[in-house]
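# Descriptive analysis of the structure
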Amino acid sequence: MNLHGLRLFHHVASLGSFTKAAEILLISQPAVSSQIKQFEKELGIALFKKNGKRFTLTPFGEALAQKAELFFAHEAQLEQFVQDYKTAKKGRLHITATYLPANFLIPQWAAAFKAANEDVEISITTRNSTDAFRELIHYKADMAMYAGGLEEQMEEIEWRQLFQDEIWFVVSPQHRLANSTVSLEDVMKEPFIMREAGSSTRERLLSLCHTHQVKPPKIALQFTGLNEAVRSVMTGYGVNFVSSLVVKEYVKTGQLARVFVDIAPVKNIIAICTRKGENLPPVVKEFIRLCMESSKHNNAGE
């Protein structure tokens, strides 16, 4: 079937006028009439019948007009679907993230993204860095959000660094080391409360000990959640090595205190990770753009 002829017929039938159809299509009325006649000839069935000076639809014309209306409505939906996909208005986004970004960064960014793209489905899973990278590499996630050190950077993963934050040693304000400056060796003699093996910060702590040739601390309590570890330190027992993003408000309000260690500051890299060389879907690109823009504003405000 000649789709151009069908489209022209659809305009005439829906507007009820050859003249109005010509105005909408920006062509002459005789051209509309001529092309409709050609379309009828191709079909071998009359679409219009003359009633005095007016043209009305034949029974077949009425039936075809109804189907044409549905057809072009579906066409408009398809065009909108493609446009929505291109502009990240529809689709699915699966993010795997280490604990720090999953709890302290992504909720705000995901809410902002959903406000502008409400039909995009977003799922977020919290993993330690080892499992997060495994999910990304095995196509179980579209992107990974990571907080940790460069030593975990993998060849098959592309990194987009957002910003850095310091990792602090913190204790209860009643702890004997609260607000004091000590050596790394001294603080490592204290019991530590940390997340499970495989967490990036725990690996950073062990790496720090190895670099400075200091005996690693005893992990006295181990939690799968970061908040649980921090709150346990608040009770007065042990030391936690943790991102400043997590504890700076607790330090400011006096619920925790820093231990200042005489070494260069240890920093976390907050990064978005994707599979290297992959052509990212528009939804992923748009979410990354939003995260990077938000990070710039956050850094500017600090």
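About the criteria used
Residues numbered from 1 in each chain as written. Predicted model: local features only at pLDDT ≥ 70, side-chain atom pairs only at ≥ 80, totals over all residues. Heavy atoms only, no water. Buried < 20%, exposed > 50% of the residue type's maximum accessible area, 1.4 Å probe, protein only. Helix = DSSP H or I, 4+ residues; strand = E, 2+ residues; numbered from the N terminus. Contact = heavy atoms within 4.5 Å. Arc of directions from axis to C-beta. Core = buried A, V, L, I, M, F, W, Y, C linked by side-chain atoms within 4.5 Å. Phe/Tyr/Trp six-rings, centres within 6.5 Å; stacked < 30°, edge-to-face > 60°. Lys NZ or Arg CZ within 6 Å of the ring centre and 35° of its normal. pLDDT = per-residue confidence, 0-100.

## Concerning helix α10 (residues 226-234)
- Looking only at α10, the buried set comprises L226, A229, V230, S232, V233 and M234.
- The inward-facing, buried residues of α10 contact α5 (99-104), β6 (157-171), β8 (192-195), β9 (219-223), β10 (240-243) and α11 (244-252).
- Positive backbone phi, approximately 115°, marks G236, located one or two places after α10.

## Details of helix α7 (residues 129-137)
- Buried residues of α7: S129, A132, F133, E135 and L136, and no others. Viewed end-on, α7 has its buried residues packed into an arc of 160°, placing them on one side of the element.
- Buried residues in α7 make contact with β3 (90-97), β4 (119-126), β5 (143-148), β6, α9 (200-211) and β12 (266-275).
- A positive phi of about 60° marks Y139, the residue just after α7.

## Considering the nonpolar core
- By size, the foremost hydrophobic cluster in this structure holds 41 residues, and its most contacted members are W109, M143, M145, V230, V247, L256 and F287.
- Considering each element in turn, this core owes the most residues, 6 residues, to helix α12 (residues 282-301).
- Filtering out sequence-adjacent residues up to four positions away, V247 remains in contact with W168, V170, V230, V242 and L256.
- If you look at the next biggest cluster of nonpolar residues, it comprises 21 residues, including A178, L184, C209 and A257.

## What to know about the side chain of S244
- Structurally, S244 is set in helix α11.
- For S244, a relative accessible area of 10% puts it in the buried group.
- Contacts of S244, omitting those with residues within four sequence positions, involve D165, E166 and W168.

## Remarks on the packing of aromatic side chains
- Throughout the structure, instances matching the rule amount to 10 aromatic pairs.
- Here the aromatic rings of F18 and F48 are separated by 5.2 Å at their centres, their planes lie at 55°, and the arrangement is tilted. With F18 in helix α2 (residues 18-25) and F48 in strand β1 (residues 48-51), this residue pair connects regions lying 30 residues apart in the sequence.
- The exposure class of F18 is buried, given its relative accessible area of 13%.
- By the ring-pair criterion, three or more aromatic residues cluster together here, those being F9, F18, F48 and F55.
- It is R258 that lies over the ring of W168; its NZ or CZ is 4.0 Å from the centre.
- We note R275 situated over the ring of Y139; from NZ or CZ to the ring centre the distance is 4.0 Å.

## Observations regarding the confidence of the model for the protein
- With 97% of its residues at a pLDDT of 70 or more, the protein has an overall mean of 89.
- Of all helices and strands in the protein, the one with the weakest mean pLDDT is α12 (81), whereas strand β11 (residues 257-261) scores best (97).

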